[in-house]
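Residue-level listing of the chains:
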There are 2 protein chains.
Amino acid sequence: MKKTIGIDMDGVLADIEMHFINWYEREHGVEVDRSAMLGVLEPDGFPDKTAVGRYVHTPGFFRTIPVMPGAVEAVKKLMENYEVYIVSAAMEFPQCLSEKREWLQEHFPFISWRNMIFCGDKRVVVTDYLIDDHCKNLDFCKGKAIMYTAAHNVNHSHHQRVDNWNDVLAFLAAEEVPA
Amino acid sequence: MKKTIGIDMDGVLADIEMHFINWYEREHGVEVDRSAMLGVLEPDGFPDKTAVGRYVHTPGFFRTIPVMPGAVEAVKKLMENYEVYIVSAAMEFPQCLSEKREWLQEHFPFISWRNMIFCGDKRVVVTDYLIDDHCKNLDFCKGKAIMYTAAHNVNHSHHQRVDNWNDVLAFLAAEEVPA
């Protein structure tokens, strides 16, 4: 039986950081440098600290996030050897449920609805690997945690880190090598 | 730490059987007797076998399902001793995602969004108990399977069966008694 991988959406499949920066620039005319976002929670990375909270409640926000570079090709590749599940915390913002479902249909049409999970807390979703950018998910996962680098998580070092989708493929390829 | 219970929506929290019968009567003027639905898949329980397939794709269908008798009180009671997760297969019919989320908010407002899971295949959702009406879910669950009686499942006997929410509470109370 194939091993299972849980893959987060925001910050992993979807480049939500870039989307925040783009929306902020559109609203405020200011291009925030990613260096200002390092090590702080997302709302605190912007001069107007109410912006992120407003964006995630705005219809259309989640539907229009750009795809993380390399994600489509990497997920296709992983699906050759793993059972891939999309595991996204989508319950907090109810309007995003249909937007995230449509987003997946547009950008990852090769992933079956059977392999999509929208949840709140991820701790009862059990996969052999979990690729996520948040400690609140990775700290409680029962499989092997893989932290996808995001500005907000750069100061956490207690999980295996990957910086991009090439890193994900390389890490998992190395896992396959018999000891 | 509290034990976890996964609870299905359709056929368990939500009386989808009654809803099919009501919608069928409204459309066809025929009240189908539940005895005609015993042991057959839901679409085959009605003279017009296309009806169920149409209803589940109709906006508003999932939003208006009646609550299963006793479910609200029983879930409240269970939450005193268990971590309760709602685990619903909602991905196949994308329009039902927001409808199911609103339905839970209306009828079970005391359940946190953190404890809601909408998925396709339930096999990577792992709870100590799973209350569900479908073998396709119960057969693969890693915890203890509890089959909630529905017309379509009456001929399956390989899972612990409960006929109503009082049965659920009685079964779980018995589980608590030290051997």
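By convention here, each chain's residues receive numbers from 1 onward along its written sequence. Following the order in which they are written, the chains are lettered starting with A and the ligands numbered starting with 1. At least 70 in pLDDT is required for a residue's local features to be given in this predicted model, at least 80 for side-chain atom pairs to be given and counted, and no such filter applies to totals for whole chains, interfaces and linings, which use all residues.

Things to note about the overall build of chain A
To qualify as a helix, a DSSP run of H or I must reach at least 4 residues; to qualify as a strand, a run of E must reach at least 2; elements of each kind are numbered from the N terminus. When you go through chain A residue by residue, the secondary structure sums to 6 helices and 6 strands. Of the regular secondary structure in chain A, the N- to C-terminal order runs β-α-α-α-β-α-β-β-α-β-β-α. In terms of C-alpha radius of gyration, chain A reaches 16 Å, essentially the compact-globule figure of 16 Å for 179 residues. Referenced to the eigenvectors of the C-alpha coordinate spread, the extents of chain A come out at roughly 50 × 35 × 30 Å. Radius of gyration means the value over C-alpha atoms here, while the globule rule gives 2.2 Å times the residue count to the 0.38 power.

Describing helix α4 (residues 96-107) of chain B
A helix is expected to span 1.5 Å for every residue after the first. Taking 1.5 Å of rise per residue, the 12 residues of α4(B) would be expected to cover 16 Å, and the 16 Å separating its terminal C-alpha atoms lies within 8% of that figure. Taken as a whole, α4(B) has its buried residues at C96(B), L97(B), S98(B), E99(B), K100(B), R101(B), W103(B) and L104(B). Placing C-beta atoms from the backbone, we regard two residues as in contact once those atoms come within 7 Å. In the core, the buried residues of α4(B) are packed alongside α4 (96-107) of chain A together with β2 (82-89) and β3 (116-119) of chain B. Once C-beta atoms are placed from the backbone, each residue is buried if 20 or more other C-beta atoms lie within 10 Å of its own, exposed if 12 or fewer, and partly exposed for counts between those two.

Notes on the packing of helix α3 (residues 71-81) of chain A against helix α6 (residues 165-176) of chain A
Angle between the axes and distance between the axes: these two values describe a pair of packed helices. All names here are of chain A. Angles run from 0 to 180 degrees between N-to-C directions of axes, and those axes are lines fitted to C-alpha atoms, restricted for helices to the stretch in contact. At a closest axis distance of 9 Å, the pairing of α3 and α6 adopts a crossing angle of 20 degrees. Judged by the angle between their axes, α3 and α6 are roughly parallel. When the axes of α3 and α6 are compared, the crossing they make is left-handed. Within the contact between the two elements, α3 uses A71, A74 and K77 and α6 uses W165, V168 and L169. An angle counts as roughly parallel when it lies under 35 degrees, as roughly antiparallel when it exceeds 145, as roughly perpendicular when it falls between 65 and 115, and as oblique in every other case. In this scheme the crossing of two helices becomes right-handed for a clockwise turn of the near helix relative to the far one and left-handed for an anticlockwise turn of less than a right angle.

A closer look at α3(A)
Residues and elements named next belong to chain A. Listing the buried residues of α3 in full gives A71, A74 and V75. On an axial view of α3, the arc spanned by its buried residues comes to 95 degrees, and they lie on one face. Facing away from the buried surface of α3 by more than 90 degrees, the exposed residues are E73 and E80. Against the buried residues of α3 lie β1 (3-7), β2 (82-89) and α6. This arc corresponds to the set of directions leading from the helix axis out to the C-beta atoms.

Thoughts on the sheet that holds strand β4 (residues 129-132) of chain A
In a beta sheet, neighbouring strands pair by backbone hydrogen bonds and run either parallel or antiparallel. Read from one edge of the open sheet, 12 strands run β6(A)-β5(A)-β4(A)-β1(A)-β2(A)-β3(A)-β3(B)-β2(B)-β1(B)-β4(B)-β5(B)-β6(B), paired in mixed fashion. Of all the strands in the sheet, the pair left with one neighbour each is β6 (160-162) of chain A together with β6 (160-162) of chain B. Pairs of neighbouring strands in the sheet enclose a mean axial angle of 25 degrees, with direction left out of account. When DSSP finds two or more bridges between a pair of strands, those strands are recorded as paired. Bridge count for β4(A) against strand β5 (residues 144-148) of chain A is 4 bridges, and the pairing is parallel.

Concerning the interface of chain A and chain B
Of the residues lining the interface, 22 residues belong to chain A; the matching set on chain B comes to 22 residues. When residues in the side of chain A that touches chain B are grouped by element, the largest group, 4 residues, is from strand β3 (residues 116-119) of chain A. Classification convention: Asp, Glu, Lys, Arg as charged; Ala, Val, Leu, Ile, Met, Phe, Trp, Tyr, Cys, Pro as nonpolar; all other residues, Gly among them, as polar. The residue inventory of the side of chain A that touches chain B, partitioned by class, reads 12 nonpolar, 6 polar and 4 charged. With 3 bridges joining them, β3(A) and β3(B) adopt antiparallel strand pairing. In the sheet register, I117(A) faces β3(B), and the bridge partner there is C119(B).

Examining the domain arrangement of chain A
Residue and element names in this part refer to chain A. For chain A, the assigned domains are domain 1 (3-15 + 66-176) and domain 2 (16-63). Centre-to-centre, using C-alpha coordinates, domain 1 lies 21 Å away from domain 2. For the side of domain 1 that touches domain 2, a count of residues per class yields 8 nonpolar, 4 polar and 5 charged. Throughout the structure description, domain borders are defined by an automatic or database domain assignment.

Notes on the relation of the copies chain A and chain B
Rotating chain A by 180 degrees and moving it 0.0 Å along the rotation axis overlays it on chain B with an RMSD of 0.0 Å. These values place the two chain copies in the arrangement generated by a two-fold rotation axis. By C-alpha distance to the rotation axis, the residue of chain A lying nearest is V125(A), at 2.3 Å. With an isologous cut-off of 70% or more, the 100% of interface residues of chain A that recur at the interface of chain B puts this contact in the isologous class. To superpose the copies, least squares is applied to the C-alpha atoms of every residue with a pLDDT of at least 70 in both.

With respect to the confidence of the model for chain A
As a per-residue quantity, pLDDT reports the predictor's confidence and falls between 0 and 100. With 99% of its residues at a pLDDT of at least 70, chain A reaches an overall mean of 96. Confidence estimates for the predicted assembly give a pTM of 0.95 and an ipTM of 0.94.

Focus on the nonpolar core
A set of buried Ala, Val, Leu, Ile, Met, Phe, Trp, Tyr and Cys residues, joined to one another through C-beta atoms within 7 Å, is what we call a nonpolar core. Core analysis: the largest hydrophobic core is formed by 102 residues, its most contacted members being I117(A) and I117(B). Each residue touching I117(B), except ones within four places of it in the same chain, is listed here: I117(A), C119(A), Y85(B), I86(B), V87(B) and V125(B).

Details of the pairing of β5(A)
Alignment of β5(A) against β6(A), held across 3 bridges, turns out to be parallel. For I146(A), the partnering residue across the bridge sits in β6(A) and is Q160(A).

A few points about the pairing of β3(B)
Residues and elements named next belong to chain B. Both faces of β3 are covered, namely the face carrying M116 and F118 and the face carrying I117 and C119. In this structure, β2 lies alongside β3, joined through 4 bridges in parallel fashion. The partner of I86 across the bridge, within β3, is M116.

Details of the environment of V30(B)
With respect to the element layout, V30(B) can be found in the loop between α1 (16-28) and α2 (51-55). Setting aside residues no more than four positions away along its own chain, V30(B) makes contact with Y24(B), E25(B) and P47(B).

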